[in-house]
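Close look at the chain arrangement
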Amino acid sequence: LPSHHILPSGDKIPSVALGVWQAGKGEVGAAVQTALKTGYRHIDGAWIYGNEEEVGKAISASGVPRDQLWLTSKLWNNFHAPEDIEPALDETLTRLNTEYLDLYLIHWPIAFKKGSNNVLDKELTANPYPTWQKLEELVDKGKIRNIGISNFNIARIKNLTANPLKHKPAVNQVELNYFNPQPELLKWSKENGLLLEAYSPLGSTKQVKEALSVPEVKEIAKKLDITPAQALISWHVQRGTIVLPKSVTPSRVQENFQVVTLPDDLFDKLEKAATSHPPQRVVNPSKNWGLDFDVFDENW
Ligand code: A2P
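What you see is a predicted model; the values in this text were computed from it and never measured.

This paragraph deals with the site of the ligand. Surveying the vicinity of the ligand reveals 18 residues, the closest of which are Leu202, Val208, Ala229, Ser247 and Thr249. Those elements that provide at least two residues to the shell around the ligand are helix H8 (204–212) and helix H11 (250–256). No other element matches the 4 residues that H8 contributes to the shell around the ligand. Split by residue class, the shell around the ligand holds 7 nonpolar, 8 polar and 3 charged.

This is the structure:
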């Protein structure tokens, strides 16, 4: 299985990261330390997760040289206005105690008005190009090595890339798991040279139990003498995506880093099982945000 992928910039992004969404204060630092000791060199975080300071402290304490680490963060919806981006990025950099990010993503294709509680900025949501141009500027300034997007569907990607971009999106981070494997998006992304990153790869807290007891997953685990989580994480890497499993349990953090190649017949069987039931998203904040449309709908 590929240990990393090469982005358009030439940078090598490690295939398996520790995801820190929902990793709480007082536990995330230890998880990051365990991960770095285990050999992880990729941490996937975000401003909105509220734990960047603890993540930063754990990284600093680990002694792993900065140039051997891959750090991703994400621009929150409130900061899409060009003048708000650099201050938001600087806050993340300070909290992580670093001078640059390897990857900075637009967290959602949704812009809120600054300082507001989820009030939609219709203009910046409809047209993300001003936001993107500012991110390109920050790449050129050296504060970010690569820029990308998250939770963009094909229509949203085309809406962005129809502009004359200086730096194309390096990745698109989306929900990918047994319940919502998005085979069309994966195929389209491969055809268009856009790497996908899988968040909630085990089905997130809500669905992990169900994911780990899928018969095809259990069969792989049994035949290869690995755990169900390892079967699923390996499946993601074998599909050609970056995978971002979250855990704050030391033994699981270690377990999730061990991926193996699945024999073709077992891979195909799991892929078929995942893609032949009606897809069901685990994560969709549209209602929580009071949107009068679905953020994942192709038609807005
Ligand atoms: P915890 O963090 O308490 O260890 P996802 O990566 O899809 O977001 O899933 C995260 C959820 O899966 C968390 O509830 C996490 O629990 C749990 N989890 C992570 N790794 C494993 C594993 N190897 N075995 C069982 N559960 C796991």
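Okay, the UniProt feature "domain: NADP-dependent oxidoreductase" (unreviewed entry) in the protein next. Mapped onto the present numbering, the UniProt feature "domain: NADP-dependent oxidoreductase" (unreviewed entry) falls on residues 17–273. In residues 17–273, helix accounts for 46% and strand for 12%; the two terminal C-alpha atoms are 25 Å from one another.

Moving on, we get to the nonpolar core. Counting 66 residues, the largest nonpolar core has Leu18, Val32, Val55, Tyr104, Leu232 and Ile242 as the members making the most contacts within it. The element that contributes the greatest number of residues to this core is helix H10 (residues 228–238), accounting for 6 residues. If near-sequence neighbours (up to four positions away) are discounted, Ile242 is found in contact with His5, Ile13, Ser15, Ala17, Val171, Leu195, Glu197 and Ala198.

Put simply, helix H9 (residues 215–224) and helix H12 (residues 264–275) touch, their axes get as near as 9 Å, and they point 165° apart. The angle between H9 and H12 falls in the class roughly antiparallel. With respect to the hand of their crossing, H9 and H12 are arranged in left-handed fashion. Where H9 abuts H12, its residues Glu216, Val217, Ile220 and Lys223 lie against Leu266, Lys269, Leu270 and Ala273.

Right, let's talk about the pairing of strand S8 (residues 171–175) for a bit. For S8, the tally of buried residues reaches 5 of 5 residues, placing the bulk of the element in the interior. Here strand S7 (residues 147–150) pairs with S8 via 2 bridges, running parallel. Within S8, the residue paired with Ser150 across the bridge is Gln173. Each parallel crossover has a hand, and for S7 linked through helix H6 (residues 154–161) to S8 it is right-handed. Note: S8 against strand S9 (residues 195–199), 5 bridges, orientation parallel. Considered in S9, the bridge of Asn172 is made with Leu196. Read from S8 through helix H7 (residues 183–191) to S9, the crossover connection turns out right-handed.

Here we take up unusual backbone geometry. For Ser200, which is not glycine, the phi dihedral falls at a positive 50°. One can find Ser200 in the loop between S9 and H8. Under the C-beta neighbour-count criterion, Ser200 is labelled buried, with 26 such atoms within 10 Å. Phi is positive for Ser204, which is not a glycine, with a value near 60°. By the secondary structure assignment, Ser204 is in helix H8.

The next thing to look at is the pairing of strand S6 (residues 103–106). Burial of the side chains of S6 extends over both faces: Leu103 and Leu105 are buried on one face and Tyr104 and Ile106 on the other. Strand direction decides the pairing type here: strand S5 (residues 70–75) and S6, joined by 4 bridges, are parallel. Paired with Lys74 across the strands is Leu105, a residue of S6. Once the chain exits S5 it traverses helix H3 (residues 82–96) before rejoining the sheet at S6, and the crossover so formed is right-handed. With 3 bridges joining them, S6 and S7 adopt parallel strand pairing. Residue pairing for S7: Leu105 is matched across the bridge by Gly148.

What counts and how
Residues numbered from 1 in each chain as written. Predicted model: local features only at pLDDT ≥ 70, side-chain atom pairs only at ≥ 80, totals over all residues. Near = placed C-beta within 6 Å. Helix = DSSP H or I, 4+ residues; strand = E, 2+ residues; numbered from the N terminus. Nonpolar A, V, L, I, M, F, W, Y, C, P; charged D, E, K, R; others polar. UniProt positions renumbered as here; feature names shortened; annotations may be inferred. Core = buried A, V, L, I, M, F, W, Y, C linked by C-beta atoms within 7 Å. Buried ≥ 20, exposed ≤ 12 C-beta atoms within 10 Å, placed from the backbone. Contact = placed C-beta atoms within 7 Å. Axes fitted to C-alpha atoms, helices over the stretch in contact; angles between N-to-C directions. Parallel < 35°, antiparallel > 145°, perpendicular 65-115°, else oblique. Left-handed = near helix turned anticlockwise from the far one by under 90°. Pairing = 2+ DSSP bridges. Right-handed = clockwise from strand over helix to strand, strands pointing away.

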